[in-house]
Amino acid sequence: MLIADVSGATALLPAPLPLYAYVTNQGSETVSIVDLARMVTLDTIKVPGKPAGVALSPQLDQLYVTAPDAHDIAVIDLATGTVARRIPIGGGPLGIAVSPVNGLVYVADWYSRRLVEVDPKSGAITAEFEVGQSPSGIAITPDGKFALTADRESDTVSIVDVSHSPQSDPNPRATSIKVGSRPFGITLTGDRYAYTANVGSDDVSIVDVAKRAVIATVPVGRRPYAVALSQDRAFVSDQYGGTVTVFDLATNLKVATIPVGDHPEGIAYDGYGAVYVACWFDNTLVRIDAATLKVTGKVEVGDGPRAFGTFLGLYRPEGASAR
Amino acid sequence: MLRTTLAALALVAALPFSALAHGPSRQKVVQSIEINAPADKVWAAMGNFQDMSWHPAIEKTAGTGDNGAGAKRTLTLKGGGTIEEALTSYNAEGKSYAYEITTVDVKTLPVSNYSSSIKVTGDAAKSTVEWKGAFYRGFVNNDPPPELNDEAAVKAVTGVYKAGLDALKAKLEAGG
């Protein structure tokens, strides 16, 4: 696991252990800030507009949240716990990701074929790229050169050159790769493989990014939402199954099916041995030990947590404390 | 780049969405009721997937597959309209089952991607029935009309659950 330094180069330092989770609660229109060591909610930030997608700045000091009903994204300053600005996107902003190299924010418009590039400092839309229909999850390669989208209505992954380099096409066309039915979440292992959770076909497609091809399809539970990747395993949230399906990254064979709660959705690995998953119907964030595959903690969050994206980080607002 | 992209967007805006398409925010409804009747008796009254006569809005239940894997039913509503549903899990011992709507006109019920479960808990004297639903609004695109928005979906499903549970309680407590 790598973190980007401020200069834009990628430092060969291990990422520190995440201390907090930022959970988007779509029903209550809030973000819950959870202390992961104690599994308690420290603070709740109001974000009107049915927040769903979540991503962090490379320095982890800002949180970006999509608000599809407000047709914009909210930029939250994690030092103060306040919404610093809202940036209009139009349509239905849902998936969101950040370039680890330059901090540009990529937003998927659920109602169209748009991937929107935003400069969070100026609030300007700096580019728009055409991808498949209803782009959902987004992943950015570690070099910041390519954005990958899971296009839910096209059953494709789009790979688009977002580098703006002098050598690249000024109006790049996405490469489209057919995957399973209704891909939603997409997660990268470094720059090598992308894993999509396919809601319609109850499986995960594994895309070789360099070859632009699907190399394997792994059956999981019902209506998978997203995939978290540890060093050796994939953890897939099965919305209708109420489970997390775990499979081995070397063999693609199923290791376990872990009951976690009703409608598990956003899921992330902390880099050190824990997986966190938001259970939408239960209003909980659940912790799984990635080695023993046991549930080791649970905390109540707001109503309808989705936590769709990258939601583990290092900072909490000054003065936030357990209530 | 903006100009060509927007022109392309105008073209695709007319494309139909799939049956699995939906709005951005899933909704939830949970309704429960206490019934002064043994849990076994309550389950006997409403636990058969192929007989939804306990619900006052249902005229007829016709289906296949009993309570087994892959079972289906078509509910015909009093006053018109049908809802096609599929059983997704059935647990007689745990007195619960789960199902999904496979086909419904939004004029009949303004929802999409609807899944639900119903469960009885309790003892020889008293029971609780809990009915849970997860679904999206009937309108799959942006800016829904009022009759197909999130609130309309929640209101409709809440009404269905409440009417059913109230009727079940009335029937069982009357000794029916």
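The structure under discussion appears in the preceding block.
Residues numbered from 1 in each chain as written. Chains lettered and ligands numbered in written order. Predicted model: local features only at pLDDT ≥ 70, side-chain atom pairs only at ≥ 80, totals over all residues. Heavy atoms only, no water.

Novice: How do you make sense of the overall build of chain A when you look at a structure like this?
Specialist: Regarding its fold elements, chain A presents zero helices and 31 strands. The C-alpha radius of gyration computed for chain A amounts to 18 Å, which stays within 12% of the reference 20 Å derived for 323 residues, consistent with globular compactness. Dimensions of chain A along its principal axes, counting C-alpha atoms only, are 50 × 45 × 40 Å. The long-range fraction of contacts in chain A, counting pairs at least 24 apart against all pairs at least 6 apart in sequence, stands at 42%. For chain A, the exposed area adds up to about 11500 Å²; of that, 53% sits on carbon and sulfur atoms. Distance between charge centres in chain A, computed from 26 positive and 34 negative side chains, equals 3 Å. (Helix = DSSP H or I, 4+ residues; strand = E, 2+ residues; numbered from the N terminus. Rg over C-alpha atoms; globule rule 2.2 N^0.38 Å. Contact = heavy atoms within 4.5 Å. Areas by Shrake-Rupley, 256 points an atom, 1.4 Å probe, with all protein chains shown as cover. Lys, Arg positive; Asp, Glu negative; His and termini not counted. Charge placed at Lys NZ, Arg CZ, Asp CG, Glu CD.)

Novice: Could you clarify how one ought to interpret a nonpolar patch on the surface in this entry?
Specialist: All names here are of chain A. On the surface, Leu-17, Leu-19 and Tyr-272 cluster together into a nonpolar patch covering about 290 Å² of accessible area. Tracing the sequence through the fold places Tyr-272 in the loop between β26 (264-269) and β27 (274-279). Looking at Tyr-272, the relative accessible area reads 48%, which means it is partly exposed. (Patch = residues over 30% accessible without salt bridge, like charges linked within 9 Å, V, L, I, M, F, W, Y side chains within 5 Å. Salt bridge = Lys/Arg side-chain N within 4 Å of Asp/Glu carboxyl O. Buried < 20%, exposed > 50% of the residue type's maximum accessible area, 1.4 Å probe, protein only.)

Novice: Before we go on, may I ask you to explain the nonpolar core in this structure?
Specialist: The tendency in soluble globular proteins is for nonpolar side chains to be buried as a group. By size, the foremost hydrophobic cluster in this structure holds 34 residues, and its most contacted members are Val42(B), Tyr114(B), Val129(B) and Trp131(B). Breaking this core down by element, the ones donating at least two residues are β1 (27-35), α2 (39-46), β3 (72-77), β4 (82-91), β5 (96-104), β6 (111-122), β7 (127-137) and α3 (150-173) of chain B. Among the elements that take part in this core, α3(B) stands out by supplying six residues, more than any other. Listed in part, the 29 residues of the second largest apolar core include Ile33(A), Leu36(A), Leu285(A) and Leu312(A). (Core = buried A, V, L, I, M, F, W, Y, C linked by side-chain atoms within 4.5 Å.)

Novice: How should the side chain of Lys28(B) be read in this particular structure?
Specialist: Mapped onto the secondary structure, Lys28(B) falls in strand β1. In this structure the side chain of Lys28(B) is engaged in a polar contact, spanning 3.0 Å, whose partner is the side chain of Asp303(A). If we skip the residues at most four places from it in the chain, Lys28(B) touches Trp280(A), Phe281(A), Asn283(A), Asp303(A), Gly304(A) and Gly133(B). (Polar contact = N/O pair within 3.5 Å; in protein donor to acceptor, adjacent residues only side chain to side chain.)

Novice: Looking at this structure, I do not really get the environment of Pro68(A). What am I missing?
Specialist: Inspection of the secondary structure puts Pro68(A) in the loop between β7 (62-67) and β8 (72-77). Here Pro68(A) falls in the buried class, since its relative accessible area comes to 0%. Counting along the chain gives 141 residues from Pro68(A) to Val209(A), while the straight-line C-alpha distance between them is 29 Å. If near-sequence neighbours (up to four positions away) are discounted, Pro68(A) is found in contact with Gln26(A), Gly49(A), Lys50(A), Ala52(A), Gly91(A), Gly92(A), Pro93(A), Leu94(A) and Pro24(B).

Novice: I'm lost on the sheet that holds strand β30 (residues 308-309) of chain A in this one. Help?
Specialist: Strand pairing in a sheet relies on backbone hydrogen bonds, with the paired strands running either antiparallel or parallel. Residues and elements named next belong to chain A. Read across the sheet, five strands follow the order β9-β8-β7-β6-β30 without closing on themselves; strand pairing throughout is mixed. A single partner strand is all that each edge strand has here, and the edge strands are β9 (82-88) and β30. Summarising the sheet, strand β6 (residues 53-56) and β7 pair through three bridges and their orientation is antiparallel. Note that in β7 the partner of Val-54 across the bridge is Val-65. (Pairing = 2+ DSSP bridges.)

Novice: Just to check I follow, could you spell out unusual backbone geometry for this structure?
Specialist: The general pattern is negative phi for most residues beyond glycine and trans for most peptide bonds. Residues and elements named next belong to chain A. Although it is not a glycine, Lys-50 sits at a positive phi angle of roughly 60°. Relative to the assigned elements, Lys-50 resides in the loop between β5 (40-46) and β6. Overall, Lys-50 belongs to the buried group, its relative accessible area being 16%. If you check the backbone angles, His-263 has positive phi at about 60° while not being a glycine.

Novice: When you look at empty space enclosed by the protein in this model, what are you seeing that I'm missing?
Specialist: Leftover empty space is mapped by rolling, across the atoms, a probe with the size of a water molecule. As enumerated under the stated definition, the model contains one cavity of 30 Å³ or more in all. Here the largest cavity is characterised by a volume of approximately 160 Å³. Around the largest cavity, the lining is made up of 16 residues, and of these Gln239(A), Arg306(A), His22(B), Arg26(B) and Tyr136(B) lie nearest the centre. Looking at the lining of the largest cavity, its residues break down into eight nonpolar, four polar and four charged. (1 Å grid on protein atoms, 1.4 Å probe; cavity = no way out; pocket = protein on both sides within 12 Å on 5 of 7 lines; lining within 4 Å. Points joined across faces, edges and corners; volume = space filled by probe spheres on them. Nonpolar A, V, L, I, M, F, W, Y, C, P; charged D, E, K, R; others polar.)

Novice: Could you clarify how one ought to interpret the pattern of salt bridges in this entry?
Specialist: When the charged atoms of two side chains lie near each other, side chains of opposite charge can form a pair. All names here are of chain A. Summed over all chains, the structure comprises 20 salt bridges over all chains. The salt bridge partner of Arg-38 is Asp-35, with a shortest N-O separation of 3.1 Å. Arg-38 gets classed as exposed once you look at its relative accessible area, which sits at 51%. For Asp-35, a relative accessible area of 11% translates into the label buried. Its salt-bridge partner being Arg-114, residue Asp-109 comes within 3.0 Å of it at the nearest N-O pair.

Novice: When you look at the interface of chain A and chain B in this model, what are you seeing that I'm missing?
Specialist: The partner chain B presents 36 residues to the 39 residues of chain A that form the contact. Both sides of the chain A and chain B interface together cover about 2900 Å² of buried area, and 52% of this is carbon and sulfur. The largest share of the area that chain A buries against chain B comes from Tyr111(A), Glu128(A) and Phe281(A), three residues that together contribute 23% of it. Counting every contact that joins chain A to chain B gives four salt bridges. In this structure, Arg222(A) and Glu100(B) form a salt bridge, with 2.1 Å as the shortest nitrogen-oxygen distance. For the pair chain A and chain B, the interface holds 16 residue pairs in polar contact (both at pLDDT 80 or more). Of all the elements, strand β13 (residues 124-130) of chain A adds the most residues to the side of chain A that touches chain B, at four residues. Classifying every residue of the side of chain A that touches chain B by side-chain character gives 10 nonpolar, 13 polar and 16 charged. (Buried area = accessible area lost by both parts, 1.4 Å probe.)

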